[in-house]
Amino acid sequence: MKKVVAAIIKDQDQLLIAKRHSKDPLAGKWEFPGGKMEPGETPEECLVREIREELRVEVKIESFYDDNLYGSRDQEAIHILFYWAKVLSGEVIPVVHDDVKWINIKELARFDFAPADIPIVERLERENI
């Protein structure tokens with residue numbers, strides 16, 4: 001099982017979402033940015049590194065939010081850990097995504113999210129954090 005981390009980056013009442021690259025599996029789907037953990041990395045260390053690589057910003061990992069186990073017939077199961085985060089410095093530049101957007105939580109339903117992110121999107125909508 002792959003261990004993956006994702007950041008729910010919040011700035012006041014806005015959340016950052018990223019659109020998967022057109023050459024990626026799940027191309028065009030939206031997600032909370034993050035990536036696969038490397039051996040010896042904590043989830044928080046991985047998330048700081050992945051966000052720096054993917055979005056060119058430094059983030060502070062605030063707290064664990066939720067996790068999700070996701071698997072389909074054609075891929076290995078993944079365990080995704082979602083953390084709250086905030087940008088400390090830098091301007092968000094999508095390096096590996098086709099687009100990024102800051103959206104209000106009420107706008108989440110308008111976007112086509114990757115399947116592994118959907119339970120988290122639904123919880124965010126219910127809690128309206």
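Structure report, in brief. (Residues numbered from 1 in each chain as written. Predicted model: local features only at pLDDT ≥ 70, side-chain atom pairs only at ≥ 80, totals over all residues. Heavy atoms only, no water.)

**Topic: the overall build of the protein chain**
Logical step 1: When helices and strands are tallied, the protein chain shows 2 helices and 7 strands.
Logical step 2: When the elements of the protein chain are put in sequence order from the N terminus, they spell out β-β-β-β-α-β-β-β-α.
Logical step 3: Taken over C-alpha atoms, the radius of gyration comes to 14 Å for the protein chain, in line with the 14 Å a tight globule of 129 residues would show.
Logical step 4: Out of the 129 residues belonging to the protein chain, those deemed buried represent 42%. (Helix = DSSP H or I, 4+ residues; strand = E, 2+ residues; numbered from the N terminus. Rg over C-alpha atoms; globule rule 2.2 N^0.38 Å. Buried < 20%, exposed > 50% of the residue type's maximum accessible area, 1.4 Å probe, protein only.)

**Observations regarding the pattern of salt bridges**
Logical step 1: One pass over the structure, following the stated rule, counts 11 salt bridges.
Logical step 2: Put simply, Arg49 and Glu38 hold a salt bridge, and the shortest N to O gap is 3.8 Å. Of this pair, Arg49 sits in helix H1 (residues 43-55) while Glu38 sits in the loop between strand S4 (34-36) and H1, and the two are 11 residues apart along the sequence.
Logical step 3: Judged by its relative accessible area of 14%, Arg49 is buried.
Logical step 4: Judged by its relative accessible area of 44%, Glu38 falls in the partly exposed class. (Salt bridge = Lys/Arg side-chain N within 4 Å of Asp/Glu carboxyl O.)

**Digging into the packing of aromatic side chains**
Logical step 1: Taken as a whole and assessed by the stated rule, the structure comprises 5 aromatic pairs.
Logical step 2: Between the aromatic rings of Phe64 and Tyr83, the centroid separation amounts to 5.4 Å while the plane-to-plane angle is 75 degrees, which identifies the pairing as edge-to-face. Of this pair, Phe64 sits in strand S5 (residues 58-72) while Tyr83 sits in strand S6 (residues 75-89), and the two are 19 residues apart along the sequence.
Logical step 3: When the centroid spacing of 5.1 Å and the interplanar angle of 65 degrees are considered together, the rings of Tyr65 and Trp84 count as edge-to-face. One end of the pair, Tyr65, is in strand S5; the other, Trp84, is in strand S6, with 19 residues separating them in the sequence. Each member of the pair, Tyr65 together with Trp84, is buried.
Logical step 4: Each residue in the set Phe32, Phe82 and Phe113 is aromatic and connected to the rest through ring pairs, giving one cluster.
Logical step 5: For the cation-ring pair, Arg123 lies above Tyr65, with the distance from its terminal atom to the ring centre recorded as 4.0 Å. (Phe/Tyr/Trp six-rings, centres within 6.5 Å; stacked < 30°, edge-to-face > 60°. Lys NZ or Arg CZ within 6 Å of the ring centre and 35° of its normal.)

**Here we look at unusual backbone geometry**
Logical step 1: Unlike most non-glycine residues, Gln12 shows phi in positive territory, near 55 degrees.
Logical step 2: Look at Arg56: it is not a glycine, yet its phi comes out positive at around 60 degrees.
Logical step 3: Take Arg56: it is sitting in the loop between H1 and S5.

**Let's talk about the nonpolar core**
Logical step 1: Judged by nonpolar contacts, the single largest core of 21 residues is most densely connected at Ile8, Phe32, Leu108, Phe113 and Leu124.
Logical step 2: The element that contributes the greatest number of residues to this core is S6, accounting for 4 residues.
Logical step 3: With near-sequence residues (within four places) excluded, Ile8 lies in contact with Leu15, Phe32, Tyr65, Phe82, Tyr83, Trp84, Ala85, Ile120 and Leu124.
Logical step 4: Residues Leu16, Ala18, Ile51 and Ala85 belong to the second largest nonpolar core, which totals 16 residues. (Core = buried A, V, L, I, M, F, W, Y, C linked by side-chain atoms within 4.5 Å. Contact = heavy atoms within 4.5 Å.)

**A closer look at the environment of Lys10**
Logical step 1: When you line up the elements, Lys10 lands in strand S1 (residues 2-11).
Logical step 2: On the basis of relative accessibility, which here comes to 26%, the residue Lys10 falls in the partly exposed class.
Logical step 3: For the pair Lys10 and Ile105, spaced 95 residues apart in sequence, the C-alpha to C-alpha distance is 9.9 Å.

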